[in-house]
Amino acid sequence: MSQPLTYYDEMKNKGYSRRDFVKFATMMAAFMGLERSAVGQIAKSMASKPRIPVIWLHFQECTCCSESFIRSSHPIVADILLDQISLDYTETLMAASGFQAEEAMQHTMNKYKGEYILCVEGSVPVEADGVYCMIGGKTSMQILEEAAAGAKAVIAWGSCACNGCVQAAKPNPTAATPIHKLVKGKPIIKVPGCPPIGEVMAGVIVHLVTFDRIPQLDALGRPKAFYSKRVHDTCYRRPFFDAGLYVESFDDENAKKGYCLYKVGCKGPVTYNACGVTKWNGGTSFPIQSGHGCIGCSEENYWDNGRLYERASAFAGFGIEATADVVGGIALAATGAGVLGHAVMTNIRKKDNIHMLEDEGKKEEKELDH
Amino acid sequence: MAKKYVHIHRLRRVYTWELPVRLYHWLNALVMVALIVTGFYISNPLVISSHQEASNRFVMGWMRAIHFIAAYIFFFNFIFRLYWGFVGNKYANWKQFIPTGKFFFKEIWQVLKIDILQLKGKEHLSVGHNALAGFIYFFTFIAFGIQSLTGFGLYASMSNWWLPKLFSWVPAILGGDIMVRQVHHWTMWFFILFVVIHVYLVFYHDYVEGRGETSSMVGGWKFIEEEAFQKDQQTAPDRRVLTDEKK
Amino acid sequence: MSKRIVVDPVTRIEGHLRIEAEIENGKIKDAYSSGTMVRLLEEILRNRDPRDAWAIVGRVCGVCTSVHSLTSVRSVEDALNITIPPNAELVRNIMYCTSFMHDHVVHFYHLHAMDWIDVVNALKADPQKTSALAQKISKWPKSSPGYFSDLQARIRKLVDSGQLGIFSNGYWGHPAYKLPPEVNLIGLAHYLEALEWQKEVVKVQAVFGGKNPHPNYLVGGMACAIGIDDVSGINAERLSLVKSILEEAKTFIEQVYIPDLMTIASYYKEWGSIGGGLGNFMVYGDLPWNGYRDASSYKFPPGVILNKDLSKLYEVDLRNDGDVQEFITHSWYEYKGGKDIGLHPWKGESKIKYTGPKPPFEHLDMSQAYSYLKTPRWQGHAMEVGPLARVLVGYARGREEFKDVVDRALKTLDIPASALISTLGRTAARGFEASLVSQWALDFYYQLVDNIKKGDTRMANMDMFNPDTWPKKAIGVGHAEAPRGALAHWINIEDKKISNYQLVVPTTWNASPRDSKGQLSAYESALLGTPVADEKQPLEILRTVHSFDPCLACAVH
Ligand code: HEM
Ligand code: HEM
Ligand code: NFV
Ligand code: SF4
Ligand code: SF4
Ligand code: F3S
Ligand SMILES: [Mg+2]
């Protein structure tokens, strides 16, 4: 078999000259904040590198992350698949099945040990020794462990891989577990969202490929580039929020006017995602623009943190009706009653003491009079 | 009807609450009310269907602005109080709040018996906070801490200043803003309940003990029974405490 | 002597499917279909707010995304007796059509095509000839010789790099590939074009539902308010975006998908007698023209066909205890009433119990339970659901549109009607209905515009949205024709909460294990008799299995 094509070869094939290539490398170095002396190194590394091999595993998932990925509009996925990476294993798109598919994965794991990127879509069930997700007769736990061992970095796609998503919602019957709890000692990039925006997924891949490094991550392990702002902070309905103008009920006058969806349960104020800026499907819209509140799909445990159409948080253990304010109100009433009862009791039980004090005062008054 | 007096006290004026404590207290009470009112509004705003343009209105904007301004005052005030717990007089000292020995729990039990359950027994006479009050303030201070952590945790991503940014680890620990906001909201209820009980008990003590409890947080002076004061000075003397005698 | 072969993972599907087959004399003698991943979403739905269910069940599947949400809001609306405004119905229909077209095209090109197209062989094509052929079969403009030679160069480069990516280890060169290099090249070109197209068509769902995959639905209607004089609502700009996308979608289906389908089919006519399977077909019906409650207005008419007999149609009653039942004899579940009873979904149970071998394992024990799918039956019969069922029922009902498209295709391909019930027929039926739906989508669109023009701007009926208005107990069922077939959700509501929620999904019907009487379900029965030229390369198995468009996340949920 012939030598793998390098980035330089790719560019040559596209009609770029050696000069263009060095220029590109220079630009990239500037972008990455490197010294000029590093340019040569980047150019060299790019000139000698094959396309990054990628293994994309599928566990407890709905495959909508893959679906979202193929909807990326810049870059389009065909270009990523043909020019930027070598997606050597993904059950959704690969030609080979069964034995041939497993063989393709093994081949990449051996040949590119320590170099391939491992993408994981879906969570891993750890209950019952992992039998709730099996592929090729092995459990997802076993497969993940094997594939992660030789990976250069791991990308956790979507809320399933980042926090377990729906299947981890109470009572989480299969003990669906996110990737970062199982893979240790490897850099993990979390790209939450149900699904993440296609362009965001593509953006993470392109970042890895062009800069040859992991994007900056926030405290929760998400790329800052896409997850550092709340949906609320980039939402075009924000002026209505600040003004105090809210939709009260779907399809009411205020809904037609595009007021803020806070009171019909919008989770934008607690959700970190790029929806307000990048938007969905090539910038067509995003949930709020189409009249429905954000459901917080990129946040941990979003299925168990309150209902979709209530702003106030549900109070765990008090049934779905009990929000904090209901419980608080009841506690307040009880406290009021307690205080009242106590006051009455005081006047009965402490009558002597109080009279005594009064008498004492009167007596002293008299003494003073004298 | 013949009355049997158990004892007749000689009262002494004691300067219990120093000016910084009183300033702290009322500033805190003020911003707390502001935080609760604006917090309530933030969590569940009234709907005012208006035909005005959004650009002419800023209701939620103001509520949030007040909340954040009050939050900063609250926070620094709280920090100041923590500091004063080390340099203030003995009634302001941190030992009033954190149980440091068996006697503390004994006193708590005493207060519970006499004041809360209203069982018969010897009245408990303290000078500063009684142990139960102190212990509850301890929880209050913890709640202050929680509210500061969660509040600034939420605020971190909205601010470019380094101070709120110091708190960005809070959402990471709790698994995101949803949870942080819930904790923040629940904790508010602790304060509401605290204030109701607290204000009641202040009046209660005034009514039952007649020591000028209510006004003490204004002027600083309390009327303390001579034996109680002597005992208090014996167990833990603090010569800085002013009384009417020294005046 | 027969030999047991295993295909696991079956790729180019959604989810985790394992096929084990007994091969004897180059043909499949017995086949077993097993779903090997479970999430138990039915248990997770319990005690939740019925109004939130659409979002949770939406996550059953990201491929047939939105159809579960649609079915869910229908089930809740059924339970609470909510009638939604006509605009909401039309918007739901348009979104449905969008997802349908997307799913079918993606299935044909990205999930199924490599069973028929030899990618590497496309390198041998002559771009001139390819161009001439392309222009002969369609007026689709991207068909110049330069276009095809550029593409060929791109693929050559990929192959030369030694890193074939998704094409690694494919069955290239297998004797069952029959297409000339030029057709392979056209197919490959359209694989890439369809990849671009599919991201456009779903924008319609983004307009109304805010995003795709997993757009938003709402009990009582839709959340996208109409505001023709407002920048925020559905206005003229949004509507024309929808219209232009729907028109482009129709063009692509007419000028690319259907011509490719017919051309490829013409080289694989023998697959018109392979993979026929059960011969029982079931359709619940969908795409209401006059409200969901009026089944006679459905563009996809409901009905059941038994034993390939198109002259007699049976009705399905989803509320009737004896009609739809789920069995678990060969499934990793247990019922309180024992392993051999069937339960109507309103009384359904979802208690999991794995009894298979301890992984890693070579084979499953087929005498025991061997799948996470339950086994649904209609009045005791195994049923095939999906595009073929819909086309046949539409045909049997005498609907002109169906007759038209089917008869034309049979004539073009010069094959008998009986060839429809086959692997080839299933794949063709998907194309037929995609082309019908591409027209219906526009019909619904014009109806929507017309409605708004007449001054009806209602989009949601919120009268019953507040749980305080609900009865103490209610039960409902909602159904839809998902891309892969008949789908229904049964809901029990008690004290404003879900007390039971059961999904019986198209792929559950098709891919389930056999029942207690030993009756095979659709996959297993369709695989019987399928030839396998090379036991090590299960290409033919993939063809028949893929013709159903498996979705295992759906099937097990
Ligand atoms: C929002 C309302 C209020 C809050 C949050 C609040 C909070 C507190 C706190 C934290 C302390 C402990 C002081 C320290 O040693 O640092 C305290 C003590 C005290 N407060 Fe308040 N307070 C409130 C309202 C009031 C009101 C309305 C009164 C009187 C009418 C009052 C009277 C007192 C008195 C007399 C003490 C000392 C008595 C004791 O140790 O129990 N407070 N309060
Ligand atoms: C004792 C004091 C406080 C009380 C009672 C209080 C109460 C509240 C309440 C009830 C909410 C609404 C939560 C919800 O949405 O359910 C809120 C929001 C918030 N609070 Fe506080 N809070 C307090 C202190 C603070 C502090 C110290 C900060 C620090 C900056 C803070 C920052 C915030 C922020 C950032 C929000 C979210 C506002 C938004 O996203 O629009 N709070 N607070
Ligand atoms: N089976 C199935 Fe679905 C479909 N079509 C849903 O109901 O794919 Ni995920
Ligand atoms: S994160 Fe959401 S979209 Fe992605 S696979 Fe999981 S359920 Fe599907
Ligand atoms: S619609 Fe949601 S995200 Fe937008 S401003 Fe209102 S609350 Fe914030
Ligand atoms: S629901 Fe998800 S898609 Fe964006 S607006 Fe909210 S994060
Ligand atoms: Mg089910």
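Cut-off values and rules
- Residues numbered from 1 in each chain as written.
- Chains lettered and ligands numbered in written order.
- Predicted model: local features only at pLDDT ≥ 70, side-chain atom pairs only at ≥ 80, totals over all residues.
- Heavy atoms only, no water.
- UniProt positions renumbered as here; feature names shortened; annotations may be inferred.
- Helix = DSSP H or I, 4+ residues; strand = E, 2+ residues; numbered from the N terminus.
- Buried < 20%, exposed > 50% of the residue type's maximum accessible area, 1.4 Å probe, protein only.
- Contact = heavy atoms within 4.5 Å.
- Areas by Shrake-Rupley, 256 points an atom, 1.4 Å probe, with all protein chains shown as cover.
- Lys, Arg positive; Asp, Glu negative; His and termini not counted.
- Charge placed at Lys NZ, Arg CZ, Asp CG, Glu CD.
- Near = heavy atom within 4 Å.
- Polar contact = N/O pair within 3.5 Å; in protein donor to acceptor, adjacent residues only side chain to side chain.
- Nonpolar A, V, L, I, M, F, W, Y, C, P; charged D, E, K, R; others polar.
- Buried area = accessible area lost by both parts, 1.4 Å probe.
- Salt bridge = Lys/Arg side-chain N within 4 Å of Asp/Glu carboxyl O.
- Phe/Tyr/Trp six-rings, centres within 6.5 Å; stacked < 30°, edge-to-face > 60°.
- Patch = residues over 30% accessible without salt bridge, like charges linked within 9 Å, V, L, I, M, F, W, Y side chains within 5 Å.
- Donors = N, O, S within 2.8 Å, 3.2 Å for Na, K, Ca; no water.
- Tetrahedral: all angles 85-135°; square planar, octahedral: opposite > 155°, others 65-115°.
- Axes fitted to C-alpha atoms, helices over the stretch in contact; angles between N-to-C directions.
- Parallel < 35°, antiparallel > 145°, perpendicular 65-115°, else oblique.
- Left-handed = near helix turned anticlockwise from the far one by under 90°.
- Pairing = 2+ DSSP bridges.

- In the annotation of an unreviewed UniProt entry, the entry for chain B reads Ni/Fe-hydrogenase, b-type cytochrome subunit, and the organism field reads Chitinophaga silvisoli.
- Annotation of chain B in UniProt includes, under Sequence similarities (unreviewed entry), the sentence "Belongs to the HupC/HyaC/HydC family."
- In its Subcellular location (unreviewed entry) section, UniProt records this for chain B: "Cell membrane".

1. Notes on the overall build of chain B
- Helix and strand counts for chain B stand at nine helices and two strands.
- Moving toward the C terminus, one meets the helices and strands of chain B in the order β-α-α-α-α-α-α-α-α-β-α.
- Oriented by its inertia axes, the alpha-carbon framework of chain B measures out at about 75 × 40 × 35 Å.
- Residues counted as buried form 51% of the 247 residues belonging to chain B.
- Within chain B, residue pairs in contact and separated by at least 24 positions form 69% of the contacts whose partners lie at least 6 positions apart.
- Accessible area for chain B stands at about 13000 Å²; split by element, carbon and sulfur atoms hold 70% of it.
- Measuring between centres, the 25 positive side-chain charges of chain B sit 3 Å from its 16 negative side-chain charges.

2. Some details on the overall build of chain A
- What chain A contains, in helices and strands, is 15 helices and nine strands.
- Looking at the 370 residues of chain A, the share that counts as buried comes to 61%.
- Here the analysis covers contacts within chain A between residues at least 6 apart in sequence; of these, 71% occur between residues at least 24 apart.

3. Here we look at the site of ligand 2
- Taken together, 24 residues lie near ligand 2, and R64, H67, R181, H184 and H185 of chain B sit nearest.
- Flanking ligand 2 are residues from chains A and B.
- Here an oxygen atom of ligand 2 sits 3.3 Å away from a polar atom, N or O, in the side chain of R230 of chain A.
- Here R181 of chain B contributes a side-chain N or O atom positioned 2.6 Å from an oxygen atom of ligand 2.
- Listed by contribution, the elements that provide at least two residues to the shell around ligand 2 are α1 (19-43), α2 (59-87), α4 (131-156) and α7 (177-209) of chain B.
- If you tally residues by element for the shell around ligand 2, the top one is α1 of chain B, at six residues.

4. Some words on the site of ligand 4
- Around ligand 4, a shell composed of 14 residues is seen, among which C62, C64, C65, C160 and C194 of chain A lie nearest.
- Ligand 4 sits at a junction of chains, with neighbouring residues supplied by chains A and C.
- For the shell around ligand 4, the elements supplying multiple residues, two or more each, are α4 (64-69) and α8 (158-163) of chain A.
- In terms of residue count, α8 of chain A provides more of the shell around ligand 4 than any other element does, three residues in total.
- For the shell around ligand 4, the residue count by class is seven nonpolar, five polar and two charged.

5. Observations regarding the interface of chain B and chain A
- If you look at the interface, chain B gives 57 residues, while chain A gives 54 residues.
- The junction of chain B with chain A conceals about 4900 Å² of combined surface from both sides, 57% of it contributed by carbon and sulfur atoms.
- Of all residues in chain B, Q118, I178 and Y200 of chain B give up the largest surface area on contact with chain A, accounting jointly for 14% of the area buried on that side.
- The biggest single contributor to the side of chain B that touches chain A is α7 of chain B, with 17 residues.
- Split by residue class, the side of chain B that touches chain A holds 31 nonpolar, 17 polar and nine charged.

6. Re the pattern of salt bridges
- Evaluation of the coordinates by the stated rule reveals 55 salt bridges over all chains.
- Between R48 of chain C and D304 of chain A there is a salt bridge whose closest N-O contact spans 2.8 Å. Here R48 of chain C is found in the loop between α1 (41-45) and α2 (53-58), whereas its partner D304 of chain A is found in the loop between α13 (275-278) and α14 (324-349) on a different chain.
- With its nearest N and O atoms 3.9 Å apart, the salt bridge here joins D404 of chain C to R408 of chain C. Taken together, the residues D404 of chain C and R408 of chain C, both in helix α11 (residues 400-413) and four residues apart, mark about one turn of the helix.
- We classify R408 of chain C as exposed; its relative accessible area is 55%.
- Salt bridges sharing common partners tie together R4, D8, R18, E20 and E22 of chain C.

7. Thoughts on the packing of aromatic side chains
Residues and elements named next belong to chain B.
- Enumeration over the complete set of coordinates arrives at 71 aromatic pairs over all chains.
- Between the aromatic rings of F74 and F78, the centroid separation amounts to 6.3 Å while the plane-to-plane angle is 20 degrees, which identifies the pairing as stacked. Of this pair, F74 and F78 are both found in helix α2, four residues apart, which corresponds to roughly one turn of the helix.
- Taking relative accessible area as the criterion, F74 reaches 5% and is therefore assigned buried.
- Assessed through its relative accessible area of 8%, F78 is described here as buried.
- Geometrically, the ring pair formed by F141 and F144 is edge-to-face, given 5.6 Å between the ring centres and 75 degrees between the ring planes. Here F144 and F141 lie together in helix α4, a separation of three residues that amounts to about one turn.
- Of the residues examined, F144 reaches a relative accessible area of 3% and is grouped as buried.

8. Some remarks on a nonpolar patch on the surface
All names here are of chain B.
- A surface patch of nonpolar side chains, amounting to about 620 Å² of accessible area, comprises F76, I79, L82, W161, W162 and L166.
- A per-element tally of the nonpolar patch places α2 first, with three residues.
- Mapped onto the elements, L166 comes out in the loop between α5 (162-165) and α6 (169-174).

9. Observations regarding the UniProt feature "transmembrane region" (unreviewed entry) in chain B
- UniProt records the feature "transmembrane region" (unreviewed entry) for residues 21-42, 62-84, 132-156 and 186-204 of chain B in the present numbering.
- This span, residues 62-84 of chain B, is 100% helix and 0% strand, and a straight line between its end C-alpha atoms measures 32 Å.

10. Here's the deal with the coordination of the iron atom of ligand 1
Residue and element names in this part refer to chain B.
- Surrounding the iron atom of ligand 1 are the protein donor atoms H25 (NE2) and H198 (NE2), which sit 1.9 to 2.0 Å from the metal.
- One can describe the donor arrangement at the iron atom of ligand 1 as octahedral, given that its six donor atoms subtend angles of 88 to 180 degrees at the metal. Taken together, the positions of H25 in helix α1 and H198 in helix α7 put the pair 173 residues apart, joining distant regions of the chain. For the pair formed by H25 and H198, the shared burial category is buried.

11. As for the packing of helix α12 (residues 423-453) of chain C against helix α15 (residues 539-547) of chain C
All names here are of chain C.
- Contact geometry for α12 and α15: axes closest at 8 Å, N-to-C directions at 45 degrees. If you check the angle between α12 and α15, you find them oblique. Note on packing geometry: the crossing formed by α12 with α15 is left-handed. Across from T423, R426, T427 and R430 in α12, the residues of α15 making contact are R543, T544, H546 and S547.

12. Some words on the sheet that holds strand β2 (residues 17-24) of chain C
All names here are of chain C.
- Taken in spatial order, the three strands of this open sheet run β1-β2-β3, and their pairing is antiparallel. Looking at strand neighbours, the two that pair on one side only are β1 (3-7) and β3 (27-35), the edges of this open sheet. For this sheet the average axis-to-axis angle between neighbouring strands, irrespective of direction, equals 20 degrees.
- Inspection of the sheet shows β1 paired to β2 by five bridges, in the antiparallel sense. Paired with V7 across the two strands is I19, which belongs to β2.
- Its contacts with the sheet place α15 against β1, β2 and β3, and it is angled at close to 130 degrees to β2.

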